[in-house]
Amino acid sequence: MDLSDLEGLRLVAVTAALFTHTSDAPELLHVWLHLETTTVVVRDTADWALHITPDEPGESYTMEELGSRVDIVPAPAEVPFVRHVGERLVRVTRGFDAEDPTQWVEAEFVFETGRVIAEAFGGDLRLRHGLR
């Protein structure tokens, strides 16, 4: 996917996949960014790379044998993308691993009022506000 295709589109909603094991606090697995004309998922993969691909959220599910569940829900306020709902995506840039320049591990999403950094970090998706 060419990330430049997303530039200029308005973010209209954010959906999250939250993993919960027994009574632990939910952990963010991945997020879907619902833009004006497309929806993309931002996720970390088994090879610890970051992937942004066209996709639609599925249904919540349980893994009874593991005592776990994955809830597909509107993203909670602490997901950094949520504060940019209603804004246009100005630019998306990729960041690569310094030791393996073919490994895509970061993306910076620049919105009208701020930035969100998505990182693949050891099998986890990490999201944070970027510096203005």
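Not measured: the values here are computed from a predicted model.

Draft legend 1. Spatial organisation of the nonpolar core. Core analysis: the biggest nonpolar cluster contains 28 residues, and Val31, Leu33, Val42, Phe81 and Phe109 have the highest contact counts within it. Contacts of Val31, omitting those with residues within four sequence positions, involve Val14, Thr15, Ala16, Val40, Val41, Val42, Val79, Phe81, Leu125 and Leu127. Residues Ala17, Trp32, Val41 and Val70 belong to the second largest nonpolar core, which totals six residues.

Draft legend 2. View of the packing of aromatic side chains. Applying the stated rule across the entire model yields two aromatic pairs. Between the aromatic rings of Phe81 and Phe109, the centroid separation amounts to 5.0 Å while the plane-to-plane angle is 85 degrees, which identifies the pairing as edge-to-face. Within this pair, whereas Phe81 is found in the loop between strand E6 (68-74) and strand E7 (89-96), its partner Phe109 is found in strand E8 (residues 104-111), the two being separated by 28 residues in sequence. With respect to class, Phe81 is no different from Phe109; both count as buried. Each ring, one from Phe81 and one from Phe111, has its centre 6.2 Å from the other, and the planes form 80 degrees; the classification is edge-to-face.

Draft legend 3. Region of interest: the sheet that holds strand E3 (residues 39-44). An order of E4-E3-E2-E1-E6-E5 is seen for the six strands of this open sheet, with the pairing classed as antiparallel. Across the chains shown, the open sheet's two edge strands, defined by having one partner strand only, are strand E4 (50-54) and strand E5 (61-63). Between one strand axis and the next, the sheet turns through 20 degrees on average, direction left out of account. Where strand E1 (residues 11-21) lies against strand E2 (residues 27-35), eight bridges are found, and the strand directions are antiparallel. By the bridge assignment for E2, Ala17 is matched with His30.

Draft legend 4. Structural context of the sheet that holds E8. The strand order E7-E8-E9-E10 describes an open sheet built from four strands, whose pairing is antiparallel. One side of each edge strand has no neighbouring strand; the edge strands of this open sheet are E7 and strand E10 (124-130). With strand direction ignored, the average angle separating the axes of adjacent strands in the sheet is 20 degrees. Note: E8 against strand E9 (residues 114-121), six bridges, orientation antiparallel. Across the sheet, the residue bridging to Glu106 is Glu119, located in E9.

The rules behind the values
- Residues numbered from 1 in each chain as written.
- Predicted model: local features only at pLDDT ≥ 70, side-chain atom pairs only at ≥ 80, totals over all residues.
- Heavy atoms only, no water.
- Core = buried A, V, L, I, M, F, W, Y, C linked by side-chain atoms within 4.5 Å.
- Buried < 20%, exposed > 50% of the residue type's maximum accessible area, 1.4 Å probe, protein only.
- Contact = heavy atoms within 4.5 Å.
- Phe/Tyr/Trp six-rings, centres within 6.5 Å; stacked < 30°, edge-to-face > 60°.
- Helix = DSSP H or I, 4+ residues; strand = E, 2+ residues; numbered from the N terminus.
- Pairing = 2+ DSSP bridges.
- Axes fitted to C-alpha atoms, helices over the stretch in contact; angles between N-to-C directions.

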